[in-house]
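# A look at the structure
So you can see what is in the structure, the chains are spelled out below.
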There are 2 protein chains.
Amino acid sequence: MGTKEDIEEGAEFIPKFDDNGLITAIAQDSQSGQTLMVAYMNRQALELTIQTGYATYFSRSRQKIWKKGEESGHVQKVEQILVDCDQDCLILKVIVDAGQCHVGYRSCFYRALKKNTDKKLEFIADKAYDPQKIYRK
Amino acid sequence: MGTKEDIEEGAEFIPKFDDNGLITAIAQDSQSGQTLMVAYMNRQALELTIQTGYATYFSRSRQKIWKKGEESGHVQKVEQILVDCDQDCLILKVIVDAGQCHVGYRSCFYRALKKNTDKKLEFIADKAYDPQKIYRK
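A few points on the structure. None of the values given here were measured: they were computed from a predicted structure.

All names here are of chain A. Buried within helix H2 (residues 43–52) are the following residues: Ala45, Leu46 and Thr49. Seen along its axis, H2 keeps its buried residues to an arc of 100°; they face one direction. In this structure, the buried side of H2 is in contact with strand E2 (35–41), strand E3 (56–59), strand E4 (64–67), strand E5 (77–83) and strand E6 (89–95).

Spelled out as structure tokens, the structure:
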């Protein structure tokens, strides 16, 4: 497992998976710095991401390995993987095309809380593509 | 709770807390775009963050509300709160001073996986302050 010092100050990658075997992974545009999405990986998804160079997650709702873009084509090419101090969270610096979020936006974070409210959101982005054209079955 | 359409396409803030009553919150430097840390909020921490304008989290290890910087002085002034498509993750765009991570770095993400390895980390940042000077008890 590693001591606190190993984990925080060391040069060994000791990713810490939670009780469900998952680690949080943030996909961040390597060029703009925009945060695109947050998802989860199990050990296999992390290994596949490292081996293939393309972001692969574990879907909690579907309980299966999920290569980002396998349906939509919006893959994430991984440039760099960062880990945080206690090694329980990852950032993937990725190269992407225009659309990333299944709703149609580039980033899943397309709304912000309005100033001086605690209930109202405002849209801060325009849709980058039409999801109905991609996710038809 | 809201329908899928309300949650994804609506302008109502309906944050979704997990089975432990927590929502993931990413603190991102509002000026540089650097991701600083990832933490968790319960409903009270989120309300305090909105009310006070300073990032307040819920510590899973200590099981208590935790105003970021209450010990270290490294507070996070919240400029904007973003929410993702399924409203189970937040980004706080924050203004911070130099040091943020308890290990001494500006960001908790101060190491990256070395290219063509799956076990070795490299340090990508220098320490911004000496944590021993701040966290003495």
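From this point, the narrative continues.
This paragraph deals with the sheet that holds strand E7 (residues 111–113) of chain B. Ordered by their spatial adjacency, six strands build an open sheet running E2(A)-E1(A)-E6(A)-E5(A)-E7(B)-E8(B), and the pairing between neighbours is mixed. Of all the strands in the sheet, just E2 of chain A together with strand E8 (121–123) of chain B have a single pairing partner and so form its edges. The mean angle between the axes of side-by-side strands here comes to 30°, regardless of whether they run parallel or antiparallel. Relative to E6(A), E5(A) runs antiparallel, the two being bridged by six bridges. Residue pairing for E6(A): Val83(A) is matched across the bridge by Leu90(A). Sitting on the sheet, H2(A) is in contact with E2, E5 and E6 of chain A together with E7 of chain B, with an inclination near 125° to E2(A).

Before going further, it helps to examine the relation of the copies chain A and chain B. Rotating chain A by 180° about the axis while translating it 0.0 Å along that axis superimposes it on chain B, leaving an RMSD of 0.0 Å. Considering both components of the superposition, the chain copies are consistent with a two-fold axis. Across chain A, the smallest distance between a C-alpha and the rotation axis is recorded for Gly33(A), namely 2.9 Å.

The sheet built from six strands is open, its strands ordered E8(A)-E7(A)-E5(B)-E6(B)-E1(B)-E2(B) with mixed pairing. Edge positions in the sheet fall to strand E8 (121–123) of chain A together with strand E2 (35–41) of chain B, since each has one partner strand and no second. Direction aside, the axes of adjacent strands within the sheet are offset by 30° on average. Across the sheet, helix H2 (residues 43–52) of chain B lies against strand E7 (111–113) of chain A together with E2, strand E5 (77–83) and strand E6 (89–95) of chain B, angled at about 125° from E2(B), the strand it touches most.

Now for unusual backbone geometry. Residues and elements named next belong to chain A. Unlike most non-glycine residues, Gln63 shows phi in positive territory, near 55°. Within the secondary structure, Gln63 is located in the loop between E3 and E4. In this structure, Gln87 is a non-glycine residue whose phi angle is positive, near 55°. Note on placement: Gln87 falls in the loop between E5 and E6.

It is worth spelling out the side chain of Arg111(B) at this point. Tracing the backbone through its elements, the reader meets Arg111(B) in strand E7. Within the buried core, Arg111(B) has no salt-bridge partner, and the shortest N-O distance to an opposite charge, that of Asp84(A), equals 6.4 Å. Polar contacts involving the side chain of Arg111(B) include one to the main-chain carbonyl oxygen of Glu8(A), which spans 3.4 Å. Separated by 3.2 Å, the side chain of Arg111(B) and the backbone oxygen of Cys85(A) make a polar contact.

Moving on, we get to the packing of aromatic side chains. All told, the structure shown has six aromatic pairs over all chains when counted by the stated rule. Summarising the aromatic geometry, the rings of Tyr105(A) and Tyr110(A) are spaced 3.9 Å apart at their centres and angled 15° between planes, so their arrangement reads as stacked. Take Tyr105(A) and Tyr110(A): they sit in the same class, and that class is buried. With 5.2 Å between their ring centres and 40° between their planes, Tyr57(B) and Trp66(B) make a pair best called tilted. For the pair Tyr57(B) and Trp66(B), one class covers both residues: buried. An aromatic cluster of three or more residues is present, and its members are Tyr105(A), Tyr110(A) and Phe123(A). When the ring centre of Tyr54(B) is taken as reference, the NZ or CZ atom of Lys67(B) above it lies at 4.9 Å.

A few words on the interface of chain A and chain B. Each partner contributes residues to the interface: chain A has 48 residues there, and chain B has 48 residues. Note on chain A versus chain B: buried area summed over both sides is about 3900 Å², and carbon and sulfur give 55% of it. In this structure, Asp88(B) and Arg60(A) form a salt bridge, with 3.3 Å as the shortest nitrogen-oxygen distance. Applying the counting rule to chain A against chain B returns 34 residue pairs in polar contact (both at pLDDT 80 or more). Where the side of chain A that touches chain B is concerned, the elements lending two or more residues are helix H1 (4–9), strand E1 (23–29), E2, E5, E6, E7 and E8 of chain A.

Procedures and definitions
- Residues numbered from 1 in each chain as written.
- Chains lettered and ligands numbered in written order.
- Predicted model: local features only at pLDDT ≥ 70, side-chain atom pairs only at ≥ 80, totals over all residues.
- Heavy atoms only, no water.
- Buried < 20%, exposed > 50% of the residue type's maximum accessible area, 1.4 Å probe, protein only.
- Helix = DSSP H or I, 4+ residues; strand = E, 2+ residues; numbered from the N terminus.
- Arc of directions from axis to C-beta.
- Contact = heavy atoms within 4.5 Å.
- Pairing = 2+ DSSP bridges.
- Axes fitted to C-alpha atoms, helices over the stretch in contact; angles between N-to-C directions.
- Least-squares fit on C-alpha atoms with pLDDT ≥ 70 in both.
- Lys, Arg positive; Asp, Glu negative; His and termini not counted.
- Salt bridge = Lys/Arg side-chain N within 4 Å of Asp/Glu carboxyl O.
- Polar contact = N/O pair within 3.5 Å; in protein donor to acceptor, adjacent residues only side chain to side chain.
- Phe/Tyr/Trp six-rings, centres within 6.5 Å; stacked < 30°, edge-to-face > 60°.
- Lys NZ or Arg CZ within 6 Å of the ring centre and 35° of its normal.
- Buried area = accessible area lost by both parts, 1.4 Å probe.

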